[in-house]
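Here is what each chain is made of, one letter per residue.
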Amino acid sequence: MKSPIRVAVTGAAGQLAYSLIFRIASGGVFGMDQPLQMNLLEIPPAMKALTGVAMELDDCAFPLLQGMVLTDKAEEAFDGISWGLLVGSKPRGPGMERKDLLTENGKIFVGQGQAMERAAEDLRVLVVGNPANTNCLIALKNASDIPAGRFHAMMRLDQNRAAAQLAAKAGVGVDQVSNIVIWGNHSATQYPDFFNARIGGKPAAEAISDRAWLEGDFISTVQQRGKAIIDARGLSSAASAANAAVDHVISMRSPTPDGDWVSSGVLSSGAHYDIPEGIVSSFPLRFDGKGGWEVVEGLEIGAFAREKIEATVKELQEERSVVEDLLG
Ligand code: NAX
């Protein structure tokens, strides 16, 4: 048996965590031979609910779960962790402007970024709480001793949504869909790229002849999926988001299959696809399974795609300017 690792989940009494934590503790994320300790972070008013989650974890009798820390202090939650899954953030309240949401949630990621200095050497961070890309930027800028490449913003739900839409339209299983890249921000401006996507190994635009759908409903359905689920269910898409976090972490830990890539939000160096430096944008990445990754070069970006990418990048730049004074 391996030695235990510590995994922190923030917002641990929230909806998304209620799916995610149990998948982690069962061994479905870090492997059936990897014991772990779970460090669960919440805010003081949610600590009582968190004790209920902990009771349920106890009652699952997960053999791999060797301990839990329940805390409202980020320093304690991040002590010795190899993985930080930053899910917790404040929901947008009535009458709250997006700008207020950015600064309110941004403050959370200043303190959590700083507290990452307590983490283990091999730390990796996945930011899920919205606005995920800009929160990720704030966290990595405030964790100044930790390489920025360790921080990722979750784009996997968007990638999975795009794969499901393409598979349904083409009338094939989702396993036939590959090479999906979501560009830009995890928001309604994101650009799900059908042009570089493949279905059964062929360009998606060959497998799906309905170009108007690819350029129209496909993109808007993926962009608006979160809202459509809230409208239908009355609650947000917590289970599929937790599933996406599981997929994302597994992808970060595994070599990306030959010829494919994964969408993830990372700090732009300015060197790829004319996306400016200093924002956390989604790119096509390949992971090496040893903690490293690289941006996949050479994808074709036509005029249609360029316009869409520019719009989502502009939004990320605007978000950055709102939180400039939180960037450490
Ligand atoms: P909930 O409101 O159910 O849970 C959020 C939890 O975070 C609450 O329990 C709250 O007490 C806690 N929290 C607030 N401030 C905190 C802090 N400073 N430290 C620790 N915990 C804190 O929301 P839920 O449905 O679980 O969604 C969690 C986050 O994921 C939201 O920001 C949501 O917008 C975001 N999402 C991101 C997605 C992505 O693809 N990146 C998709 C799904 C999801 O909507």
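Our structure's up above, just so we're on the same page.
Note that this is a predicted model, so its numbers are computed, not measured.

As summarised here, the arrangement of the three strands in space is β7-β10-β11, forming an open sheet in which the pairing is antiparallel. Looking at strand neighbours, the two that pair on one side only are β7 (177–178) and β11 (202–203), the edges of this open sheet. One ladder, built from two bridges, connects β7 with strand β10 (residues 198–199); its direction is antiparallel. Bridging across to β10, Val177 finds its partner in Ile199.

Its volume calculated, the largest pocket comes out at about 1500 Å³. Along the walls of the largest pocket sit 48 residues, with Ser89, Lys90, Pro91, Gly129 and Asn130 positioned nearest its centre. At six residues, helix α8 (residues 211–233) tops the list of elements feeding residues into the lining of the largest pocket. Tallied by class, the residues present in the lining of the largest pocket amount to 19 nonpolar, 19 polar and ten charged. Residue contributions to the lining of the largest pocket reach at least three from each of two domains, namely domain 1 (5–153) and domain 2 (156–322).

Okay, the site of the ligand next. The ligand sits among 23 residues. The nearest are Gln15, Leu16, Glu42, Ser89 and Asn130. Within the contact set of the ligand, an oxygen atom lies 2.8 Å away from a backbone nitrogen or oxygen of Leu16. Separating a nitrogen atom of the ligand from a backbone N or O atom of Val128 is a distance of 3.2 Å. Protein burial of the ligand: of its 870 Å² of free accessible surface, 82% is covered by the chains. In this structure the site holding the ligand corresponds to the largest pocket. Breaking the shell around the ligand down by element, the ones donating at least two residues are α1 (15–26) and α4 (98–115). The residue inventory of the shell around the ligand, partitioned by class, reads twelve nonpolar, ten polar and one charged. Two domains share the shell around the ligand, each providing at least three of its residues, namely domain 1 (5–153) and domain 2 (156–322).

Reading the values: rules and limits
Residues numbered from 1 in each chain as written. Predicted model: local features only at pLDDT ≥ 70, side-chain atom pairs only at ≥ 80, totals over all residues. Heavy atoms only, no water. Pairing = 2+ DSSP bridges. Helix = DSSP H or I, 4+ residues; strand = E, 2+ residues; numbered from the N terminus. 1 Å grid on protein atoms, 1.4 Å probe; cavity = no way out; pocket = protein on both sides within 12 Å on 5 of 7 lines; lining within 4 Å. Points joined across faces, edges and corners; volume = space filled by probe spheres on them. Nonpolar A, V, L, I, M, F, W, Y, C, P; charged D, E, K, R; others polar. Domains from an automatic or database assignment. Near = heavy atom within 4 Å. Polar contact = N/O pair within 3.5 Å; in protein donor to acceptor, adjacent residues only side chain to side chain. Areas by Shrake-Rupley, 256 points an atom, 1.4 Å probe, with all protein chains shown as cover. Sits in = over half its atoms within 2 Å of the grid points.

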